Amino acid sequence: MRIALYEPDIPQNTGTILRTCACLGIEAHIIEPAGFPVTDRAFRRAGLDYLDRITIVRHASFADFQDWRRREGFALVLMTTAADTSYLDHRYGEDQILMVGRESAGVPEAVHNAADVRLRIPIREGFRSLNIAVATAMVAGEALRQLNPSP
């Protein structure tokens, strides 16, 4: 399983997502530019003590990420509040990479259009969205449950 962060702009959320990836054995991909330094030193300074136990792949741009995922044969599953399909109604596969957008702005239309699947987390009327780290953990948990039903 893989999770991609599109141009993350809040280091604490990125750190939480990376910690989740480390604990659950999920490969993390960071699509730059980020709104903060994306270096091992910066992550260590932020208290990410699991850095040696996680695979982090950096992509210089969305175009570079697209080239990589096409070469590897991964389908792009975008988590977005603009989707119609619930994350609970999707069948996850080993050939998929889950992507979350920037905390402040989501993803641009070109990224929406590039996604093979777009999913949302249903929330109560009148609320905008969940914290991105919480949303990522929820979706990763469901995907892992489907892919590994017997721990």
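Rules and cut-offs
Residues numbered from 1 in each chain as written. Predicted model: local features only at pLDDT ≥ 70, side-chain atom pairs only at ≥ 80, totals over all residues. Heavy atoms only, no water. Helix = DSSP H or I, 4+ residues; strand = E, 2+ residues; numbered from the N terminus. Contact = heavy atoms within 4.5 Å. Pairing = 2+ DSSP bridges. Axes fitted to C-alpha atoms, helices over the stretch in contact; angles between N-to-C directions. UniProt positions renumbered as here; feature names shortened; annotations may be inferred. 1 Å grid on protein atoms, 1.4 Å probe; cavity = no way out; pocket = protein on both sides within 12 Å on 5 of 7 lines; lining within 4 Å. Buried < 20%, exposed > 50% of the residue type's maximum accessible area, 1.4 Å probe, protein only.

A. Structural view of the environment of Ile-132. As for its placement among the helices and strands, Ile-132 is situated in helix α5 (residues 132-147). Considered as a pair, Ile-132 and Ile-10 are 122 residues apart in the sequence and their alpha carbons are 9.9 Å apart. Those residues in contact with Ile-132 that sit more than four places away from it in its chain are Asn-13, Ile-17, Val-100, Gly-101 and Glu-103.

B. Layout of the pairing of strand β7 (residues 117-120). Pairing geometry for strand β4 (residues 75-79) and β7, over 3 bridges, is parallel. Note that in β7 the partner of Leu-78 across the bridge is Arg-118. In the sheet, strand β5 (residues 85-86) pairs with β7 via 2 bridges, with the strands oriented parallel. The partner of Thr-85 across the bridge, within β7, is Leu-119.

C. Structural detail: the sheet that holds strand β6 (residues 96-100). Pairing is parallel in the open sheet, where 7 strands are placed in the order β3-β2-β1-β6-β4-β7-β5. Looking at the sheet topology across the chains shown, the edges are occupied by β3 (56-59) and β5. Direction of pairing for strand β1 (residues 2-6) relative to strand β2 (residues 27-31): parallel, over a ladder of 5 bridges. By the bridge assignment for β2, Ile-3 is matched with Ala-28. Along the sheet face, α5 touches β1, β4 and β6 and points at about 165° away from the line of β6.

D. Structural context of the UniProt feature "binding site: S-adenosyl-L-methionine" (unreviewed entry) in the protein chain. The sites that UniProt annotates as "binding site: S-adenosyl-L-methionine" (unreviewed entry) are Met-79, Gly-101, Ile-121 and Ser-129. Taken together, the annotated residues stretch across 51 residues yet fold into one region, lying no more than 13.9 Å apart by C-alpha. Lining residues of the largest cavity drawn from the annotated list: Met-79. Among the structural elements, Gly-101 can be located in the loop between β6 and α4 (109-114). Judged by relative accessible area, Gly-101 falls into the buried class, the value being 11%. Those residues within four positions of Gly-101 in sequence are excluded, and the remaining contacts are Tyr-6, Gly-106, Val-107 and Ile-132. Counting through the fold element by element, Ile-121 comes out in the loop between β7 and α5. By relative accessible area, which is 14% here, Ile-121 ends up buried. Beyond its immediate sequence surroundings of up to four residues, Ile-121 is in contact with Met-79, Tyr-87, Leu-130, Ala-135, Met-138 and Val-139.

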